[in-house]
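# Fold and geometry: a report
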Amino acid sequence: MSSFKRDKKEEEDTGGNPYQNLDKTIILQEARYFNETPVNPRKCSHILSKILYLLNQGEKLTTQEATDAFFATTKLFQSKDVMLRRMVYLCIKELSKLAQDVIIVTSSLTKDMTGKEDLYRAAAIRALCSITDSTMLQAIERYMKQAIVDKNPAVSSAALVSALHLSSTAPDLVKRWANEAQEGINSDNAMVSYHALGLVAATRRNDKLSTVKLVTRLAKSPIKSPYALCLLIRLAAQLVEEDDSDASQPYIEFIECCLRHKSEMVIYEAAHAIVNLRKCARDLAPAVSVLQLFCGSSKASLRLAGARTLARLTAKHPAAVAACAVDLENLISDPNRSVATLAVTTLLATGAESSIDRLMKQISSFVSEISDEFKIVVVKAIRRLCTKFPRKHQSLAAFLAGMLRDEGGLEYKAAIADAIIALVEENPDAKETGLAHLCEFIEDCEHTTLAVRILHLLGREGPKSRQPSRYIRFIYNRVILESGPVRAAAVSAVAQFGAQRPELLPNIKVLLSRCELDDEDEVRDRAILYNAILETGDPQLINDYIINIQKPNPVLLERALRDHNEAQPEARFDIMAIPTEEEKQAKEDIVEVEVRKPVQASIEEIYSEQLAKIPGIEKLGPLFKTVPHIDLTEPETEYRVRLLKHIYARHLVLQFECINTLNDQILEQVHVRLEPPQDFEIRTIVPCQKLVYDKPDSVFIVLEYPSAYYDSLGTFGATLEFVVHDCDPNTGVPDSGEGYADSYPLEEFEMGCADQLRAKAGLDDWEQAWDRAERAPEATDTFVLPQNDINEAAKAVCEHLGLPKAAISGDAVKEIRGGGIFRGGAPVLVRARIASSSAGVTMKLAARSPREDLAQLLLAAVG
Amino acid sequence: MVHKKIAMEGSLFEPTLYIVKGMCILDNDGNRILAKYYDPNTLTTAKEQKAFEKNLFNKTHRANAEIIMLDGFTCVYKNNVDLYFYVMGSSHENELILQSVLNALYESVSILLRRNVEKRIILDNLDAVMLAFDEICDGGVILDSDPTSIVSRTALRTEDVPLGEQTVAQVLQSAKEQLKWSLLK
């Protein structure tokens, strides 16, 4: 009971918490105590834990303070006390990030790592590896290899995990330990086997072939460790996902086999993998029944895992999920609200119309208790319901409006607004109620972005409603009450009413002229612009500048404007040349808790940075389009080359992205010998001076298009040429001596019509546009297509023209309607009718464009 | 690094050993007793971490629901008297693996504190608990998940056990039994 007595005394001294009110300077003073001999282990250990506690609480030490503390700590190596030594290691690890000259302890740690005391060795390895850099590593390499195969599992694990950490900085060195690590996979100790597999898999991450070998071999061997099995399932699932052939069948079998493992962790891992594989496994039933069992577990994490994974299945296999309805019903009042939410939303997604009201009532009983992430899940589920059961819109919209009134962050509110907006757009019956809810919401909305979006929607949808004037009041209220950006958006919305409802025009003009006196420049400018345009009464002008405005990609627009100002400020800027904002692709329709994803930049945005390296690039004008990459080599070769085509108005930039996958070679003066079709002229070649192992770099070639559009189709031949220097695979230092020149053939590639066209599917106003272009030159022709099926034929034609699949309509006779802008800015419209006849599939293709040669080109591209 | 895949597009779990994003122990006011975050990309500053912990505590201290999705993390948790134990992983992670880490953390701390899992006792044994943290997770990689082996590796100070009371071996024995009980439940 002595320990309790001590506790009591301390309690009197410090009020219970010995770590309360710690002062940094006093503790750093106390560190001086470490110099005393003999060392008092208990006291020193206590001081060390105080230092660690301070660091853990987020206290900042200066480099000098950290270095002093670090050196004081090194004095404690004289003590043999195990606990103290371990605390010293911990301190070393923590302080090494802040202090200088930490490598001073290398020799002490190396001694401990090779010593007799097992309790030191494992921890010493981890401490040592956290302070060494790649140059020092060579010195301890031998010990590391020994440690990996050590029979003490702690030592072996420590070495393997440290090697894994090191592999991010010194991958080649760690690769040499792979043989030792391989042995570890078969270890009897579960953790050693897991860590060894993790290390081996990490070193082979970029080498698919050997990953295949590894997984194939291990799938047959009896691995006991549940963690290792989980990892192996992930590796196998990844291979299945990347491989479309039947070769992946054994992996699927292996994963299915793991469903019968005795550890829940492994079973879940396997079930999750099967359910999420893109390629459908033969039979989902075993996986689903496992998840069903989880739903009935007493552990919340198991229930959540089961419900979550089932929820993901709703889109692909609603029938499989519907079979679990009973189990999910049991979860709707689960004390863990996350589980309950998932269960309800899944049931909503799979259930019948009749059960909606009951489930909605259940949700509203606890919706205030759940986190925003799950509220968003609920909102999305309701949104899907609106599409599925349009008749229920009244109650669903009311529910959404109720949620809109509750507390919540921007993301949550935006999700609700999205749902209502979708409802308004999809369901004409719900339009009036939906807009009314949104109007009410903007009356009291603190998020500027959201208010702006809703005003935009009101501007678009309001004029089409039966009583447009009632929305104007709501919108105009914003002009009076809100901040600048919202006022500006409100002005734009008001103008829409004026443009689309002639009977309101006089009133709108009055409102706009009032806004012309606004304090904010943007608001004033908009008001004046819209008033002027409305004044003209020219329907074309009103359509192009108020109703249907082209929206260029803002990032590219900014860049293009900057380039334009630098290169030719006096010339006119052509806004049509900027790629327009791409339509967001419809997301997969699943019930899922939102996982944070990086912001997706468009491909043009990503590469415009790299293109800036080419001298004279700004003279080519703004970038028209970037064609997604194609591989010019097989995936598993020495040098990998991918091609990106950047299209400009009259020029073409070919970007060859090269990767050198040989770690014992450095390539210099890398360039590409190009054999372009006739009439293409090479302007500039930017070679890549040096290509080191695993660091992608690019060769650029600038070509000028032939002056006639018709000549711009053709095939390019290419060869990669370079000078090879051998080098040390570990350090990357090249060997002395001259390199030798070598070349490497690349696959041929095409310049097609789709590459040069920014195409989009025909929208609602396509018909009018086609009629309007009646007087433009038209080219028509009839083709017999090689495909037998009209669906396939239609898809193939779309691909040739670069049109999205959405352009296809019709059943027996397929009609493709689309249009686009060709490089240089000429618009073009196409219509194709495809029908099957006795002779095969025939197509009549017509193209209209102000430039006749362009219309011809489109026909040539298909023919 | 354009050649590398930006993110695994699919919904499969990532084949990596870096599973644990963080572990922490909070007291019943939500104050940090110990916390470690392992992901170099998220929650890197002490300010962000404390804000996250505050949010986490507010969301969890009333409802004892074992698991919660928060701010892009899956958090499993457990509480006892005046202590809250949390293990965080990516929102896209096998929940059961995280649960096994939490069990390892809780059980080993519980053995180290001889079943007196309370704030006062944990503060008296903070050094041992720090070592346990270090033995459970190294930079996000699960190092060990077996409480008995974790405790044996944290080098329980032998002279701490008063004479006439139990030895280390006995502590371990009782731990094993307790474990058995918890499994039988």
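Residues numbered from 1 in each chain as written. Chains lettered and ligands numbered in written order. Predicted model: local features only at pLDDT ≥ 70, side-chain atom pairs only at ≥ 80, totals over all residues. Heavy atoms only, no water.

Our working definition: UniProt positions are given in the numbering used here, feature names are shortened, and annotations may be inferred rather than shown by experiment.
The name an unreviewed UniProt entry gives chain B is Coatomer subunit zeta, with Leptosia nina as the organism. Chain B has a UniProt comment under Sequence similarities (unreviewed entry) that states "Belongs to the adaptor complexes small subunit family."

As named in an unreviewed UniProt entry, chain A is Coatomer subunit gamma, taken from Leptosia nina. According to the UniProt record, the Sequence similarities (unreviewed entry) comment for chain A is "Belongs to the COPG family."

## Focus on the side chain of Thr 211 of chain A
For clarity, the threshold we go by: Each helix is a run of H or I in the DSSP string that is no shorter than four residues. Each strand is a run of E no shorter than two, and both are numbered from the N terminus. Here a residue-residue contact requires only that any non-hydrogen atoms of the pair lie within 4.5 Å.
Looking at the element boundaries, Thr 211 of chain A is found in helix H13 (residues 208-220). Ignoring sequence-local partners within four residues, the contact set of Thr 211 of chain A consists of Arg 204 and Leu 239 of chain A.

## As for the confidence of the model for chain A
Residues and elements named next belong to chain A. We apply this condition: As a per-residue measure, pLDDT tells how confident the predictor is, with possible values from 0 to 100.
For chain A, mean pLDDT is 82; residues scoring 70 or higher make up 93% of the total. Within chain A, no element has a lower average pLDDT than helix H1 (residues 2-14), which sits at 45, and none a higher one than helix H12 (residues 190-203), at 93. Taken as a whole, residues 583-590 scores under 50 in pLDDT and shows seven contacts with residues more than four places along the chain or in a different chain.

## Observations regarding the packing of helix H25 (residues 410-426) of chain A against helix H26 (residues 431-442) of chain A
Residues and elements named next belong to chain A. Where we set the bar: Note on geometry: axes are lines fitted to C-alpha atoms, helical ones only across the stretch in contact, with angles between N-to-C directions running from 0 to 180 degrees. Angle categories are assigned with fixed cut-offs, so that under 35 degrees is roughly parallel, over 145 is roughly antiparallel, 65 to 115 is roughly perpendicular, and the rest are oblique. Each crossing gets its handedness from the near helix: less than a right angle anticlockwise from the far helix is left-handed, clockwise is right-handed. Residue type decides the class: Asp, Glu, Lys and Arg count as charged, Ala, Val, Leu, Ile, Met, Phe, Trp, Tyr, Cys and Pro as nonpolar, and the leftover types, Gly among them, as polar.
One way to put it is that H25 packs onto H26 with a least axis distance of 8 Å and a crossing angle of 150°. Taken together, H25 and H26 sit at an angle that is classed as roughly antiparallel. At the point where H25 passes H26, the crossing takes the left-handed sense. Counting all contacts with H25, which are made through Lys 413, Ile 420, Ile 421 and Val 424, the residues of H26 involved are Lys 431, Gly 434, Leu 435, His 437, Leu 438 and Phe 441. In terms of residue class, the contact of H25 with H26 is built from six nonpolar, two polar and two charged.

## Structural notes on the pattern of salt bridges
Where we set the bar: Any Lys or Arg side-chain nitrogen located within 4 Å of an Asp or Glu carboxyl oxygen qualifies as a salt bridge. Relative accessibility thresholds used throughout: buried, under 20% of the residue-type maximum; exposed, over 50%; partly exposed, between the two (1.4 Å probe, protein chains only).
For the coordinates displayed, the defined rule picks out 49 salt bridges over all chains. A salt bridge links Arg 303 of chain A to Asp 334 of chain A; the shortest N-O distance between them is 2.7 Å. Note that Arg 303 of chain A is positioned in helix H18 (residues 300-313) and Asp 334 of chain A in the loop between helix H20 (325-331) and helix H21 (337-350), a separation of 31 residues in sequence. As a salt-bridge pair, Glu 95 of chain B and Arg 308 of chain A come within 2.7 Å of each other at their nearest N and O atoms. One end of the pair, Glu 95 of chain B, is in helix H2 (residues 95-112); the other, Arg 308 of chain A, is in helix H18, on a second chain. A relative accessible area of 0% means that Glu 95 of chain B is categorised as buried.

## Topic: the interface of chain A and chain B
Heads up, the rule is: Throughout, buried area stands for the accessible area (probe radius 1.4 Å) lost by two parts on being put together, summed over both. Any pair of nitrogen or oxygen atoms within 3.5 Å is treated as a polar contact; in protein, a donor-acceptor pairing is required on top of that, and neighbouring residues in sequence qualify only through side-chain atoms on both sides.
Facing the 84 residues of chain A at the interface are 69 residues of chain B. For the pairing of chain A and chain B, the buried interface totals around 6,800 Å² over both sides, and the portion due to carbon and sulfur atoms is 56%. For chain A, the biggest contributors to the area lost against chain B are Asn 56, Met 83 and Arg 234 of chain A; these three give 11% of the whole. Inspection of the chain A/chain B interface yields eight salt bridges. The partner of Arg 126 of chain A in a salt bridge is Asp 138 of chain B, and the shortest N-O contact between them spans 3.2 Å. At the surface where chain A touches chain B, the tally comes to 27 residue pairs in polar contact (both at pLDDT 80 or more). No other element matches the nine residues that helix H14 (residues 226-242) of chain A contributes to the side of chain A that touches chain B. Its residues assigned to classes, the side of chain A that touches chain B shows 39 nonpolar, 21 polar and 24 charged.

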